[in-house]
Amino acid sequence: MLAILYPKNCISDDLQRSSAIRMTTLTFYGGAGEIGGNQILLEDDDTRIWLDFGMPFSRANRYFSEFLQPRKLSGLGDWFEFGLMPDLPGLYREDYISRLREPSDLAFDAVLLTHAHADHSAYIHFLRPDLPIYASEVTKRILEALEVTSTTGFAEFLRLKETFKLVPKSKGEGFKRLQGKEAKRSRKFKVIGSRARIGNIEVEAFPVSHSLPGARAYLLHTSSGTIFYTGDFRFHGRGEEATRETVERVADVEVDAMLCEGTRVRESTDIPEAELERRITSEMRGVKGLVVVNFPPRDIDRMISFLRASEENDRKLVVSLRQAYLLKMLEGSDCGAPKLDDVCVYLPRKNWGLIGDPSYPEEVVAQDYEYWEREFLNLENAVIAEDIRESPRDYVFRCDFFELKNLIDIRPPKGSIYIRSVTEPFDEETEIDKRKADAWLKHFGLYPYSQIHCSGHAGGPELRRTIEDVSPELLIPVHTEAPEAFEEFHQNVKRVKLGQRIEL
Ligand SMILES: [Zn+2]
Ligand SMILES: [Zn+2]
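Every residue gets a number counted from 1 within its own chain, in the order that chain's sequence is written. The order in which chains are written sets their letters, starting at A; the order in which ligands are written sets their numbers, starting at 1. Given that this is a predicted model, residues contribute local features only at a pLDDT of at least 70 and side-chain atom pairs are listed and counted only at 80 or more, while totals for whole chains, interfaces and linings are drawn from all residues. Side-chain calculation: all heavy atoms of the structure are included, whereas hydrogens and water are not.

Considerations on the coordination of the zinc ion (ligand 1)
Here a donor is any nitrogen, oxygen or sulfur atom (N, O, S) within 2.8 Å of the metal, with 3.2 Å used for Na, K and Ca; water is not among the atoms considered, so some sites may look incomplete. Here the zinc ion (ligand 1) is held by D119 (OD), H120 (NE2), D232 (OD) and H479 (NE2), and the distances to it run 2.1 to 2.2 Å. Just to be clear on the cut-offs, tetrahedral is four donors with all angles between 85 and 135 degrees, square planar is four donors and octahedral six with opposite donors over 155 degrees apart and all others between 65 and 115, and anything else goes down as irregular. Here the zinc ion (ligand 1) is ringed by four donor atoms whose angles at the metal span 85 to 167 degrees, and the overall shape comes out irregular. In primary-sequence terms, the residues that donate to the zinc ion (ligand 1) follow D-H-x111-D-x246-H. The two metals, the zinc ion (ligand 1) and the zinc ion (ligand 2), are separated by 3.4 Å and share D232 as a common coordinating residue. With D119 in helix α5 (residues 118-121) and H479 in the loop between β23 (474-478) and β24 (501-503), this residue pair connects regions lying 360 residues apart in the sequence. The buried label goes to any residue with under 20% of its type's maximum accessible area, the exposed label to any with over 50%, and the partly exposed label to all in between, with areas taken from a 1.4 Å probe on protein chains only. Overall, the relative accessible area of 9% leaves D119 in the buried class. Note on H479: relative accessible area 1%, which makes it buried. To qualify as a helix, a DSSP run of H or I must reach at least 4 residues; to qualify as a strand, a run of E must reach at least 2; elements of each kind are numbered from the N terminus.

Structure below.
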């Protein structure tokens, strides 16, 4: 007689799944007790979804700086060394992970991105290309613009270049490194409309206002209940009615757990973007020289404020090549971004600095620029330093920290002003940068200046109202350094630590 034995690995996967106890968990690999770096793993039975996969700035800046960067050569070792990403099998791209060990099969179902800020999306560069990334159409376009115009080497968001691979030489014997077109691979990138089904989980996407377009909040219907993940949001931007409508709709749903951002939980309501536009407009009034401004590169709400203020004052807004590329990418989307024709594009002197010198042929001048920049060189609305120097009264020149060097070419005349519309320094590095920027501005007679800015995040009073409206069973603060402040808003607050797993 034969005894029939069923070793564990002979039982079909399906059988194993149905016999397992259904369980829903959240694990906080990033975004717990810190602002940004959200890497939250939602597991519902055998469905595993990442809620954002961003860079934890404060932790990364503790070890790294501009000239002390993690090395690609170690695969992911340099990031794992400091716990900047969790070392989990079946998550990372094979070319990188194979520097450390034998790669495993794909073990996750999706990454759900709330928006294109680096603290939510930058580390998707390291993920397997067959792991589907879900995001709004506008987020996809912004990531594509970032990928094309980035200089970091870690911005492969839609397409990646396979590294560390040898292929036989086409002529003769031996091997060569895989490079160029042959190394390119596409990621599985999926634009999410209003809903999607990912494994066990039904996902609903809701637009929210934030300091860049395309941001989404998500409702996740799991087998243990409904989770509301806010992403980053505010009520004082141009798309504020989107946030209000989203909260109204979610208020009708029974929410079991709410993951709520709390960047500004200890602060009060910020000034609305419309008021900010009025202040900028009046600041520019009567200025005889050049208006130099700084605002975040992808904050389209702010760009509109500066554009309208410029038009009110019979000036033209001059944006950077990177911003021009972003505007080109956003054309035809529903985010309300200005058209490329509505602004002027600044062509800085680069490399040999030949722009505007008629003694050189066009193709030689073009060699001063990256390939993606060259299409802007012959735009009718392109301007160079000379144009602005000759008629400063006609322009508003957008100039961030790295573009300050252009002031040497432009030489703002007496009677010029500077408007700073970015966040105040928040750590040592940004303090130092601000001191340097101030020195430049003093040198060029643009000091003192006015600070006119509002944040991308809701303040304490709006967070309290949102939580009251959504009225979740359990409240989990994320993306905040002050999770305890939420205890004033809700009876049942769960404060989570990095690496902690909680069951729903
Ligand atoms: Zn964020
Ligand atoms: Zn953000």
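Next comes the rest of the write-up.
With respect to the sheet that holds strand β15 (residues 257-261)
Here a strand pair is declared whenever DSSP counts at least two bridges between the two strands. Spatially, six strands are ordered β11-β12-β13-β14-β15-β23 in an open sheet, and the strand pairing comes out mixed. The open sheet terminates on both sides in strands that have one partner only, identified here as β11 (195-198) and β23. Ignoring strand direction, the axes of neighbouring strands in this sheet form an average angle of 20 degrees. When β15 meets β23, the two strands line up parallel, connected through five bridges. Along β23, the bridge assignment pairs M258 with L475. Every axis corresponds to a line fitted to the C-alpha atoms, with the helix fit spanning only the stretch in contact, and the corresponding angles, defined between N-to-C directions, vary from 0 to 180 degrees.

Things to note about the packing of helix α7 (residues 240-251) against helix α16 (residues 460-470)
Relative orientation of the contacting elements α7 and α16 amounts to 30 degrees, with a least axis distance of 8 Å. With respect to each other, α7 and α16 are oriented roughly parallel. Taken together, the residues of α16 that come into contact with α7 (itself represented by V247, V250 and A251) are T466, D469 and V470. Side-chain classes are defined by residue name, with Ala, Val, Leu, Ile, Met, Phe, Trp, Tyr, Cys and Pro counting as nonpolar, Asp, Glu, Lys and Arg as charged, and the others, Gly among them, as polar. Of the residues belonging to the contact of α7 with α16, the class tally is four nonpolar, one polar and one charged. Roughly parallel means an angle under 35 degrees; roughly antiparallel, over 145; roughly perpendicular, 65 to 115; everything else is oblique. Note on definitions: a residue-residue contact is assigned when non-hydrogen atoms from the two residues lie within 4.5 Å.

Quick look at the side chain of E373
Tracing the backbone shows E373 in helix α12 (residues 371-374). A polar atom in the side chain of E373 sits 2.8 Å from the backbone nitrogen of E370. Whenever a nitrogen or oxygen atom comes within 3.5 Å of another N or O atom, the pair is scored as a polar contact, on the condition that within protein one atom can donate a hydrogen and the other can accept it, and that pairs from neighbouring residues in sequence are kept only if both atoms are in side chains.

Points about a negative patch on the surface
A contiguous patch of negative charge, built from E311, E312, D314, E331, D341, D342, E380 and D394, is present on the exposed surface. If you trace the backbone, D342 turns up in the loop between α10 (321-330) and β18 (344-346). By relative accessible area, D342 is classed as partly exposed at 39%. Note that patches include only residues with greater than 30% relative accessible area and no salt bridge, and the join distances are 9 Å for like charges and 5 Å for nonpolar side chains (Val, Leu, Ile, Met, Phe, Trp, Tyr). Per-residue accessibility takes into account occlusion by the displayed protein chains alone, with areas from the Shrake-Rupley method and a 1.4 Å probe. When a carboxyl oxygen of Asp or Glu lies within 4 Å of a side-chain nitrogen of Lys or Arg, that pair is called a salt bridge. In summary, the charge assignment counts Lys and Arg as positive and Asp and Glu as negative, without counting His or the chain termini. Lys charges are placed at NZ, Arg charges at CZ, Asp charges at CG and Glu charges at CD.

Section: the coordination of the zinc ion (ligand 2)
Ligation of the zinc ion (ligand 2) by protein atoms is provided by H115 (NE2), H117 (ND1), H210 (NE2) and D232 (OD), these donors lying 2.2 to 2.4 Å from the ion. In this structure, the zinc ion (ligand 2) is surrounded by four donor atoms whose angles at the metal cover 90 to 169 degrees, and the resulting shape is irregular. Summarised as a motif, the one-chain spacing of the donors to the zinc ion (ligand 2) is H-x1-H-x92-H-x21-D. You can call D232 buried: its relative accessible area is 2%.

A look at the environment of I355
Within the secondary structure layout, I355 lies in the loop between β18 and α11 (362-366). For I355, a relative accessible area of 16% corresponds to the buried category. Residues within four places of I355 in sequence aside, it is in contact with L347, P348, R349, V365, D368, Y369 and I384.

Points about the pairing of β15
Extensive coverage of β15 is indicated by the burial of five of its five residues. Side chains A257, L259 and E261 project from β15 onto one buried face, and the interleaved M258 and C260 project onto a second face that is buried too. As paired elements, strand β14 (residues 225-229) and β15 share three bridges and run parallel to each other. Within the sheet, the bridge partner assigned to I227 lies in β15 and is A257. Crossovers are marked right-handed if the path from the first strand over the helix to the second runs clockwise, as seen with the strands pointing away from the viewer. Once the chain exits β14 it traverses α7 before rejoining the sheet at β15, and the crossover so formed is right-handed.

A few points about the environment of K350
Relative to the assigned elements, K350 resides in the loop between β18 and α11. Spatially, the C-alpha atoms of K350 and L131 are 39 Å apart, while their sequence positions differ by 219 residues. Residues contacting K350, with those up to four places away along its chain left out, are D368, Y369, E370 and E373. At 2.8 Å, the side chain of K350 forms a polar contact with the side chain of E373.

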